[in-house]
Structures are given as structure tokens and as C-alpha cells.
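Now for the letters of each chain:
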Amino acid sequence: MLLPVPFSIYYQSTDINGLLLSSGICLVLGIAGIFLLPKNPQEIRAKEGFAVVSLGWLTFALFGSLPYLLGGATSSITDAFFETMSGVTTTGATIFSNVEVLPHGVLFWRSLTHWFGGMGIIVLTVAVLPFLGIGGMQLFKAEVPGPVVDKLSPRIAETAKILWGVYLFFTVLQTILLMLGGMNLFDALCHSFGTMATGGFSTKNASVGAYSSAYIDYVITAFMIIAGTNFALLYWLLRGKVNTLFNNGEFRFYIIIIAVATIIIGIHLFFNHTGNVFDSLRYAVFQVVAIITTTGFGTADYEEWSASSQLILFGLMFVGGCAGSTGGGFKVIRVIILIKFISNELVRLIHPQAIVFVKFGNLSLDRKVLINVAGFFMIYVMIAVFGTILISFFGIDILTSMGAVAATLNNIGPGLGAVGPTENYAHLPDVVKWILSFLMMLGRLEIYTVIILLIPAYWRR
């Protein structure tokens, strides 16, 4: 919380006392926790890992709300919590109708919550706090998105440090490129945080569209694609092993989805809106990438596009980025596995005696992985349907309810209807904001990590 203070001083913002007080409260409580609470020498098992991760994110959202409340951005605890949870889960849904009037310190904190949440608070903790090295894998598994976890080093702490190194490298690189495109340091940092975390918080009311710059659009598009890619692959790419990236089946399918969706929507935009090939592709690829990576930045109001284009974007909301990326959603690798699983089951019906395996690359997938993916899909669909019905009980129309649930469960931000790309979530009832905040955490921690805490068996010895 001290990191935004230099910007508060430089821009002479009114939020500096609120930031200092917020930081002081966290510091005092942190020190008190270290010295007053009993030490537990036992190893952190999977069971404790789920609790530490879920409660850790909840704690961050609670205390991360302080700068909004004490910095003068809002007086509503609900709105402050919603904005912080939206930030740390990299959702990008906002209750602010005019972000440009917010003090610069609070605005920087808002984007910074994206950056910390993008790679993960617990991954950060495992990387920098050696005393959590024991049991660190349990925390890592509970937080890293995807059905499988890529270890880049025998020591999980080293893996976490490598991932954070890659994350930092691309953040700095994007910041430099955006400044070369005319952004000042403040805006460049905030948009880089939002891009690499696939969050979507902007310092402008019109999001990235406010800059009306093809260069900035393409830079952010490129880095959104990078952020939606498995960071383990990015690490090998930086090590010079380019083939590792392009030989990966998930990455290839990810790029194919982006290309096909861009071409279809681009054709529509060419004939019905822009009449210019380059502008059509520019707006199409930006919005397609922003949605599939769950970043949520915008350069155009896609609700003005055709129904077919909106349906494609709505479908992409549920696909999400690659496993091991900062993107949300169902994840590309799960889509591939689910398609292959269904295909194999059809083969079994035709040839009951056949022995068939679900393969990913050259590997035959373990039955446990298939069951995990199928179970995740069922729970995912049930939560999306139940969430839509629940939200509609509070007088919200069905399009807005569907859009809000899809946007928060998949950590995207802008949805459909009254929470579309040119709208915000301020008008929703407080109870709906708390429900959507819960869906954000569910989506970011991939459902199982949170849901397991609600099962009575979890609490039995």
C-alpha cells in the first residue's frame, strides 16, 4: 500500500493520508499476528492449503478495501470490497462510473491489486517467504489455474520465483513499449498491470479506446496474448526454446480460436461498420483477445455489433486462457480434454471392446485427470446456471444476469446488458454485489479450492 504513495505525492492527490493509514493498520496487525499468535510447526497439507489460499484471498480483499474507504474514493464497504475483489481476482468489473476523477494513489492501488492477484498472492508468498517452503506445493496447487501444475524446478519456491521473474520481465517490457507510444509512466504502468494480470482496469473511462491509437491497441493485444499463455512455456521461450511453445497443443488451439473468431467478427465489422479491412481486424482481434484472455479491456462497444459476433464473444468468455496463465475461464486445455473425452466415449459406443485412450500430445491422460475435468465442467455449468437464476431474483433482467455471472465467474469484467462494456456495476443492489464478489473468487481459484471449504466433511477430523 506504500507503493502508490510516490504517485500521490507527485500528483498532489488527497489520498496520501488514507494510504499511509491503511498501510499502518496492516503493518500493526501483521506484526501482532507474528508475535501474538501461536506458532504451528506442522507441515501444511492439502487440507490446510485450501484454507490458507481461500482465506488468504478473502483477507487481501478485506484489507485491500481500506485505501478506497480511507482514501475518499467511496464510503460504501460493499463497493470497496467489490472493487478490491474485482482487482485481486483480475476480474476488472467496477463500481466507479468515472475513474478519471479518482485520486492517483487510489487509482494506482486499484491497478496494483490486479498485478498481485494475476500471478497470485500465495505464489508470491511461496516465492519470497522461505518459512512457507514446507507445504508450499499444497498452496501452489490450490492457487495455480489448470488441471495440471508445471514445476520448472525441483523446489516449488524456485518455480514460483521463476514465474514471477517472467511476469516482471514482460510487465517492464510492455511499460516501455506503451511509453514509446505516448503514454506517461503512470498510465503505462497501470495498463501493463491490467494486461499482464489479464485484469482490465484502466485509468480512462473509455478504457484503451480513449487513446485512439493503433500502436497502443496492437501492443496491448500482443501482451494480452502473452498473458493468456502458460507461463511455463514463456519461460522456455525466453530460454531460446521456441519450438517448446509452438509444439504445445494447447497453445496452438488457443491461437487457432483467436484467429478464427477474429476473421469471422472482422468480416462482419468490415461489411457493417468500418468498411476498412485494417480497422476491422484491429477492433476484432483486440476484442476477441480481450475476452478470451478474460482481460476485459475495450476499444469499442461490442453490444453494437451483430448478434452472431456477440454470441461468439459470449462463448469465448467461458473458454478463457491457457492453463498456467493469468487468464480466467474454463481454460483451453480443459476444452481440448473435454472434446477428446467426448470423442473417445462415442468411439466406445461404436466399438465397445476397443481400448482407447485420451491423449494430449504424446501422453495418455490419467483417468483421474479426465474425471477432474468432467466434474469441473459439471460444477462450472451448475454454478453459472444457478448464479444467473439467483441474480434474476433481485429484479435483474435475464441478459444482465447472464452477463454479470459470466463476467464475474470467468473474471472478465464487462458483461452484457446493463453491465456491458460501456456500463458498470454500481447500480446493482448490494446483495448482488456480494454474490458476484463470491463468484469472482470462485472463478479465480478454480471453484474446487473454495467449494471444498463449504463441505461439512472438510471440517471433520
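Criteria and thresholds
Counting starts from 1 at the beginning of each chain's written sequence and moves along it residue by residue. Given that the model is predicted, a residue must reach a pLDDT of at least 70 before its local features are reported, and side-chain atom pairs must reach 80 or more before they are shown or counted; all residues, however, enter totals for whole chains, interfaces and linings. As a rule here, side-chain values cover all heavy atoms of the structure and leave hydrogens and water aside. To qualify as a helix, a DSSP run of H or I must reach at least 4 residues; to qualify as a strand, a run of E must reach at least 2; elements of each kind are numbered from the N terminus. Here the radius of gyration uses the C-alpha set of atoms, whereas the globule reference equals 2.2 Å times the residue count to the power 0.38. Each residue is placed in one exposure class: buried if its accessible area under a 1.4 Å probe, protein chains only, is under 20% of its type's maximum, exposed if it is over 50%, and partly exposed if it falls in between. In what follows, a contact means two residues having at least one pair of non-hydrogen atoms within 4.5 Å. Here the Shrake-Rupley method, with its probe set to 1.4 Å, supplies the accessible areas, and only the displayed protein chains count as covering residues. In this count, Lys and Arg are taken as positive residues and Asp and Glu as negative ones, while His and the chain termini are left out. Taken as the charge centre is NZ of Lys, CZ of Arg, CG of Asp or CD of Glu, depending on the residue. By definition here, a salt bridge exists when the distance from a side-chain nitrogen of Lys or Arg to a carboxyl oxygen of Asp or Glu is within 4 Å. Here the axes come from fitting lines to C-alpha atoms, over the contacting stretch only for helices, and the angles between their N-to-C directions go from 0 to 180 degrees. What sets the label is the angle itself: under 35 degrees gives roughly parallel, over 145 gives roughly antiparallel, 65 to 115 gives roughly perpendicular, and the rest give oblique. The span one expects for a helix is its residue count, reduced by one, times 1.5 Å. Pairing of N or O atoms within 3.5 Å defines a polar contact, subject to two protein rules: one partner must be a possible hydrogen donor and the other a possible acceptor, and residues neighboring in sequence count only if both atoms are side-chain atoms. Only Phe, Tyr and Trp rings take part, Trp by its six-membered ring, and two of them pair if their centres are within 6.5 Å. Stacked means planes under 30 degrees apart, edge-to-face means over 60, and tilted covers everything else. Definition of nonpolar core: a set of buried residues of the types Ala, Val, Leu, Ile, Met, Phe, Trp, Tyr and Cys, connected through side-chain atoms within 4.5 Å. Residue-level confidence of the predictor, termed pLDDT, takes values from 0 up to 100.

A. The overall build of the protein chain, seen in detail. For the protein chain, the helix and strand inventory stands at 21 helices and two strands. Relative to its length of 461 residues, the protein chain is compact, with a C-alpha radius of gyration of 22 Å against a globular reference of 23 Å. Once the C-alpha set of the protein chain is aligned to its principal axes, its extents read approximately 70 × 65 × 55 Å. Expressed as a percentage of the 461 residues in the protein chain, the buried residues total 54%. A sequence separation of at least 24 residues applies to 68% of the contacts in the protein chain between residues at least 6 apart. For the protein chain, the computed accessible surface area is about 20,300 Å², with 68% contributed by carbon and sulfur atoms. Each charge class in the protein chain can be summarised by its mean position, and for the 24 positive and 22 negative side chains these summaries are 16 Å apart.

B. The pattern of salt bridges, seen in detail. Counted according to the given criterion, the structure contains six salt bridges. The residue Lys433 makes a salt bridge to Asp79 at a minimum N-O spacing of 2.7 Å. With a gap of 354 residues between them, Lys433 in helix H20 (residues 430-444) and Asp79 in helix H5 (residues 77-88) connect regions that are remote in the sequence. For the residue pair Lys433 and Asp79, the accessibility class agrees, reading buried in each case. When the shortest N-O distance is used, the salt bridge between Lys331 and Glu446 registers 3.0 Å.

C. Up close: the packing of helix H18 (residues 367-392) against H20. Where H18 contacts H20, the axes come no closer than 11 Å and their chain directions differ by 170°. Comparing their axes, H20 and H18 come out roughly antiparallel. In this structure, H18 contributes Ile383, Leu390 and Ile391 to the contact, and H20 contributes Val432, Ile435, Leu436, Leu439 and Leu442.

D. Structural view of H5. Taking 1.5 Å as the rise per residue, H5 with twelve residues should run 16 Å; its terminal C-alpha atoms sit 16 Å apart, in good agreement. Counted residue by residue, H5 has eleven buried out of twelve residues, so it is predominantly covered. Regarding H5, the residues found buried are Thr78, Asp79, Ala80, Phe81, Phe82, Glu83, Thr84, Met85, Ser86, Gly87 and Val88. Put simply, Ser76 is the residue that caps the front of H5, since its side-chain oxygen is 3.4 Å from the backbone nitrogen of Thr78. One or two residues past the end of H5 sits Thr90, with phi positive at roughly 55°.

E. How the structure looks around the packing of aromatic side chains. Enumeration according to the criterion identifies 30 aromatic pairs in this entry. Judged by centre distance (5.6 Å) and plane angle (65°), the rings of Phe108 and Phe193 are edge-to-face. Of this pair, Phe108 sits in helix H6 (residues 104-119) while Phe193 is found in helix H10 (residues 185-196), placing the two residues 85 residues apart along the sequence. Since its relative accessible area comes to 4%, Phe108 is described here as buried. Residue classification places Phe193 among the buried residues on the basis of a relative accessible area of 7%. Considering the side-chain rings of Trp164 and Tyr167, the 5.1 Å spacing of their centres and the 85° angle between planes classify their relative orientation as edge-to-face. In this pair, Trp164 and Tyr167 are both assigned in helix H9 (residues 156-180), three residues apart and thus about one turn of the helix distant. As far as burial versus exposure is concerned, Trp164 and Tyr167 are alike and both buried.

F. Quick peek at the nonpolar core. If you look at the biggest cluster of nonpolar residues, it comprises 120 residues, and the most contacted ones within it are Tyr425 and Leu436. Beyond its immediate sequence surroundings of up to four residues, Tyr425 is in contact with Phe82, Ala93, Thr94, Ile95, Ala404, Ala407, Thr408, Gly413, Gly415, Val419, Lys433 and Leu436.

G. Looking closely at the confidence of the model for the protein chain. Across the protein chain, the average pLDDT comes to 86, with 91% of residues at or above 70. Scored below 50 in pLDDT, residues 130-140 makes 28 contacts in the model with residues more than four places away or belonging to other chains.

H. Broad picture of the environment of Ile342. Tracing the sequence through the fold places Ile342 in helix H17 (residues 332-350). Separated by 32 residues in the primary sequence, Ile342 and Ala374 have C-alpha atoms spaced 9.9 Å apart.

I. Here's a closer look at the side chain of Ser13. Relative to the helices and strands, Ser13 resides in the loop between helix H1 (5-10) and helix H2 (16-36). When its relative accessible area of 15% is taken as the criterion, Ser13 is described as buried.

J. Structural view of unusual backbone geometry. A positive phi is found at Thr198, a non-glycine position, where the angle reads about 50°. Mapped onto the fold, Thr198 is located in the loop between H10 and helix H11 (214-227). Take Thr198: its relative accessible area is 0%, and that puts it in the buried class. The residue Ser207 is not glycine, and still its phi comes out positive at about 55°. Locating Ser207 in the fold gives a position in the loop between H10 and H11. On the basis of relative accessibility, which here comes to 12%, the residue Ser207 falls in the buried class.

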